[in-house]
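Read off the chains here:
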Amino acid sequence: MAISIAAVGCSSKTTQPVAFRADIAPGTLSVDEYAKYYPKQYDTFVKTKEMSNEGSKYGGSEEFDKLTQWPFLKEIFAGYGFAIEYNEDRGHAYTIEDVTKIKRINEKSIASCWTCKSANVAGIVEEMGDAYYGANFHDLKGKMTEGITCANCHDPQTMNLVIVQPPLRDALTRLGKDPDNLTTQELRTMVCAQCHVEYYFAGDKKIVTFPWDKGLTPNDVLAYYEEIGFSDWKHPKAGVGEIKAQHPEYETFMGSTHAEAGLSCADCHMPYTMNGGEKISSHWWTSPLKHMNESCMTCHREGEEKLKERVFYTQDKVADMMGKVGNINVEAIEAIAEADAKGANQDVLNEARALQRKGQFLVDWVGAENSMGFHNPQLTMETLNTSMDYAYQAISKATEAVTGVATPKWDVEAPKTNTETMKIMHEKESAPKS
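Read on for an overview of the structure. Within any chain, residue numbers begin from 1 and follow the written order of that chain's sequence. Totals for whole chains, interfaces and linings use every residue, but because this is a predicted model, local features are given only for residues with pLDDT of at least 70 and side-chain atom pairs only at 80 or more, for both listing and counting. Water and hydrogen atoms play no part in the side-chain values, which are based on all heavy atoms of the structure.

**So, the environment of tyrosine 80**
The way it works is that DSSP assigns letters per residue, a run of H or I at least four long becomes a helix, a run of E at least two long becomes a strand, and they are numbered from the N terminus. Residue position: tyrosine 80 is located in the loop between α4 (72-76) and α5 (95-101). The buried label goes to any residue with under 20% of its type's maximum accessible area, the exposed label to any with over 50%, and the partly exposed label to all in between, with areas taken from a 1.4 Å probe on protein chains only. Residue classification places tyrosine 80 among the partly exposed residues on the basis of a relative accessible area of 23%. Taking C-alpha positions, tyrosine 80 is 9.5 Å from proline 236, a pair spaced 156 residues apart along the chain. Here, two residues are considered to be in contact whenever any of their heavy atoms come within 4.5 Å of each other. If near-sequence neighbours (up to four positions away) are discounted, tyrosine 80 is found in contact with Asp232, Trp233 and Lys244.

**Section: the side chain of threonine 115**
Along the chain, threonine 115 falls in the loop between α5 and α6 (121-128). For threonine 115, the side chain forms a polar contact with the main-chain oxygen of serine 112, separated by 2.7 Å. Residues in contact with threonine 115, not counting those within four places in the same chain, are Val121, Tyr132, Tyr133, Gln165, Pro167 and Val208. Counted as a polar contact is a pair of N or O atoms within 3.5 Å, where, for protein atoms, one must be capable of donating a hydrogen and the other of accepting one, and residues adjacent in sequence contribute only when both atoms are in side chains.

**Considerations on the packing of aromatic side chains**
Pairing of aromatic rings covers Phe, Tyr and the six-membered ring of Trp, with a centre-to-centre limit of 6.5 Å; geometry is then stacked below 30 degrees between planes, edge-to-face above 60, and tilted otherwise. On inspection of all chains with the given rule, the structure shows 21 aromatic pairs. Aromatic pair tyrosine 80 and tryptophan 233: ring centres 4.4 Å apart, planes at 10°, arrangement stacked. Separated by 153 residues along the polypeptide, tyrosine 80 in the loop between α4 and α5 and tryptophan 233 in strand β3 (residues 233-234) bring together distant segments of the chain. Taking 5.9 Å as the distance between ring centres and 70° as the angle between the ring planes, the aromatic pair formed by tyrosine 224 and tyrosine 225 counts as edge-to-face. An aromatic cluster is defined as three or more aromatic residues linked by ring pairs; in this entry it consists of Tyr200, Tyr224, Tyr225, Phe230, Phe361 and Trp365. Only Lys NZ and Arg CZ are tested; either one counts as a charge over a ring when it is within 6 Å of the ring centre and within 35 degrees of the ring normal. In this arrangement the basic side chain of lysine 57 is found over the ring face of phenylalanine 312, its NZ or CZ atom lying 5.4 Å from the centre.

**Focus: the pairing of strand β6 (residues 278-281)**
A strand pair is defined by DSSP finding two or more bridges across the two strands. Bridge count for strand β5 (residues 272-275) against β6 is 4 bridges, and the pairing is antiparallel. In the strand pairing of β6, tyrosine 272 is matched with serine 281. Hairpin geometry of β5 and β6 is characterised by an intervening segment of 2 residues between the two adjacent antiparallel strands and by a positive phi of about 60° at glycine 276.

**Observations regarding the environment of lysine 57**
Its place among the elements puts lysine 57 in the loop between α2 (39-46) and α3 (66-69). When its relative accessible area of 44% is taken as the criterion, lysine 57 is described as partly exposed. Separated by 259 residues in the primary sequence, lysine 57 and aspartate 316 have C-alpha atoms spaced 8.9 Å apart. Not counting chain neighbours up to four residues away, the residues in contact with lysine 57 comprise Phe312 and Asp316.

Put into structure tokens, the structure is as follows:
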């Protein structure tokens, strides 16, 4: 599977060099050390401490409860940690604090949960090897002295963008892409893809792994999980192993209108700003709606309010659809549980469970992806439609498992295009009359 990465933006931006290269020692992790030499970039990084939902309807950096926002989540995550506590992410400055206080972390949690939370991780993996991932989370707490810092994305001596996270390096290498030979524009997306991706804990060692071997779409990733038989936990009502989607921003963005136009994550989330006569890339990783003039308006010309209106229109449609599809997925769980309680045919009920598992993963993909569909509206709506189809099929199968009567089907493929329609018409006209 080849990974295509955006190469050129609509404004033909290139990475702007900083005024000089500081003599920072290799392996330096502390953001305070970088701040001595790059204070302007640091000042924007500090803004990640701000907590505000201003400009955003569905995300933000205030710590609100997603289980309250989307009640269906508590039902589909039953029996798993995300049903206990699932909050909106705060800014990158809070990674260590938030991962250590979340109720999903318990005495048995593993070190893999640190992987995207600290600049120390790459060095610890180099020291411990694969043993790092399955180690106890709490045993390594003392080693996590830094949160997300400049070292997560930059070589300290050259300040060039680099891939430091082992899981992404492994994924790219596995797919024939050299992580040390990417263009600057590719790196302006791939440094974000070190963490803003779907992943799972593979094997007995619980190694953080990106499931990209079949492709990047939700259906590609689901097919990968189906092939290896992976699940995160067994749902107590559905009675099947479920998959918890993580935060697949990168996978969702790829193939979108903006990606196809050549834009990178940084073009929108880290726009160039003028600071004291110097052009720098903002390190306030936040919604483009908070700095539209620097991000969106470099390409768009219709005005900020008009553009924001369009963003919210798209997100409102996705949110409405996600709520409905989420509820239907809960109904599928309830139908399976009720059928099981009535002594249903287990072979048929297992077909229902397999369908419910697929539907649940796909609606969770949309909920876990942090743009409410805006990164790729077409793919997002397609994903929700597929989830709904699986959920309805699961309900029908659960009913069949009890009654023994299959739901009637009318599975006739539509020609769709005018060319195909006219071809069929011509074939009918040309067919010998009986």
